[in-house]
Amino acid sequence: MEKTFLMVKPDGVQRNLIGEIVSRFEKKGFQLVGAKLMQIPTELAEEHYGEHKERPFFGELVEFITSGPVFAMVWQGENVIATARHMMGATNPKDAAPGTIRGEYGVIVGKNIIHGSDSSESAEREIGLFFNGEGLVEYKRDV
Ligand code: CMP
């Protein structure tokens, strides 16, 4: 079953949006297979966002993502990677469609509420980085 890594960023956690965001993915029909509230160490943040290392906003990005607790999650379901990205909306909340998470709750690109893996390679890498094969459950049957 396809899996993706999703994370409510510090702005989403501080604005009490964890429940709202989890609820959206539950109601859509995806299954939560792992979750933890955590403070990201700087080294993990730099590795997670390694592809953006040369960007001018890299320092700001790492500073922000380590500034407070995040809610890291693994979700599974058919086409969950692409569908979750649709549900999140465009990276910049000003371009995110109404009804999407960023379209409803975000204003600026640096504080865009949620992160989601953009490909199966990223999902595998990010799940490994944040969960290291631990704390994920298996569902034996559909209900
Ligand atoms: P995310 O999906 O977590 O992946 C990379 C992040 O970089 C992105 O969300 C944005 O929050 C952030 N980002 C992209 N562009 C900028 C920018 N111009 N200034 C600050 N942060 C940015």
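Further up the page is the structure itself.
Residues numbered from 1 in each chain as written. Predicted model: local features only at pLDDT ≥ 70, side-chain atom pairs only at ≥ 80, totals over all residues. Heavy atoms only, no water.

Draft legend 1. Region of the structure containing the site of the ligand. For the ligand, the full set of nearby residues is Lys 9, Tyr 49, His 52, Phe 57, Glu 60, Leu 61, Thr 91, Arg 102, Val 109, Gly 110, Asn 112 and His 115. Here Val 109 contributes a backbone N or O atom positioned 2.8 Å from an oxygen atom of the ligand. Between the ligand and Asn 112 there is a distance of 3.2 Å, counted from an oxygen atom to a side-chain nitrogen or oxygen. Across the complex, the protein chains shield 80% of the 460 Å² of accessible surface that the ligand would expose by itself. By residue class, the composition of the shell around the ligand is four nonpolar, five polar and three charged. (Near = heavy atom within 4 Å. Polar contact = N/O pair within 3.5 Å; in protein donor to acceptor, adjacent residues only side chain to side chain. Areas by Shrake-Rupley, 256 points an atom, 1.4 Å probe, with all protein chains shown as cover. Nonpolar A, V, L, I, M, F, W, Y, C, P; charged D, E, K, R; others polar.)

Draft legend 2. A look at the sheet that holds strand β2 (residues 31-38). Spatial ordering of the open sheet is given by β2-β3-β1-β4, a layout of four strands whose pairing is antiparallel. Both edges of this open sheet fall to β2 and β4 (114-116), since each of them pairs with a single strand only. For this sheet the average axis-to-axis angle between neighbouring strands, irrespective of direction, equals 15°. Both strand β1 (residues 3-8) and β4 contribute to a ladder of three bridges, which runs antiparallel. Along β4, the bridge assignment pairs Leu 6 with Gly 116. Its contacts with the sheet put helix α5 (residues 80-88) on β1, β3 (70-76) and β4, and the angle it makes with β1 is roughly 25°. (Pairing = 2+ DSSP bridges. Helix = DSSP H or I, 4+ residues; strand = E, 2+ residues; numbered from the N terminus. Axes fitted to C-alpha atoms, helices over the stretch in contact; angles between N-to-C directions. Contact = heavy atoms within 4.5 Å.)

Draft legend 3. Looking closely at helix α4 (residues 58-65). Restricting attention to buried positions, one finds in α4 the residues Phe 58, Leu 61, Val 62, Phe 64 and Ile 65. What you see down the axis of α4 is that its buried residues fit within an arc of 165°, all on one side. Exposed residues lying more than 90 degrees from the buried face of α4 are Glu 60 and Glu 63. Packed against the buried residues of α4 are β1, α1 (10-14), α3 (42-48) and β3. (Buried < 20%, exposed > 50% of the residue type's maximum accessible area, 1.4 Å probe, protein only. Arc of directions from axis to C-beta.)

Draft legend 4. Seen up close, the packing of helix α2 (residues 18-28) against α5. Where α2 contacts α5, the two axes come as close as 12 Å, and the packing angle between them is 130°. Judged by the angle between their axes, α2 and α5 are oblique. Crossing geometry of α2 relative to α5 is assigned as right-handed. Contacts between α2 and α5 involve Arg 24, Phe 25 and Lys 28 on the former and, on the latter, Thr 83, Ala 84 and Met 87. Looking at the contact of α2 with α5 residue by residue, the class counts come to three nonpolar, one polar and two charged. (Parallel < 35°, antiparallel > 145°, perpendicular 65-115°, else oblique. Left-handed = near helix turned anticlockwise from the far one by under 90°.)

Spatial relationships are all this shows, so hold off on functional conclusions.
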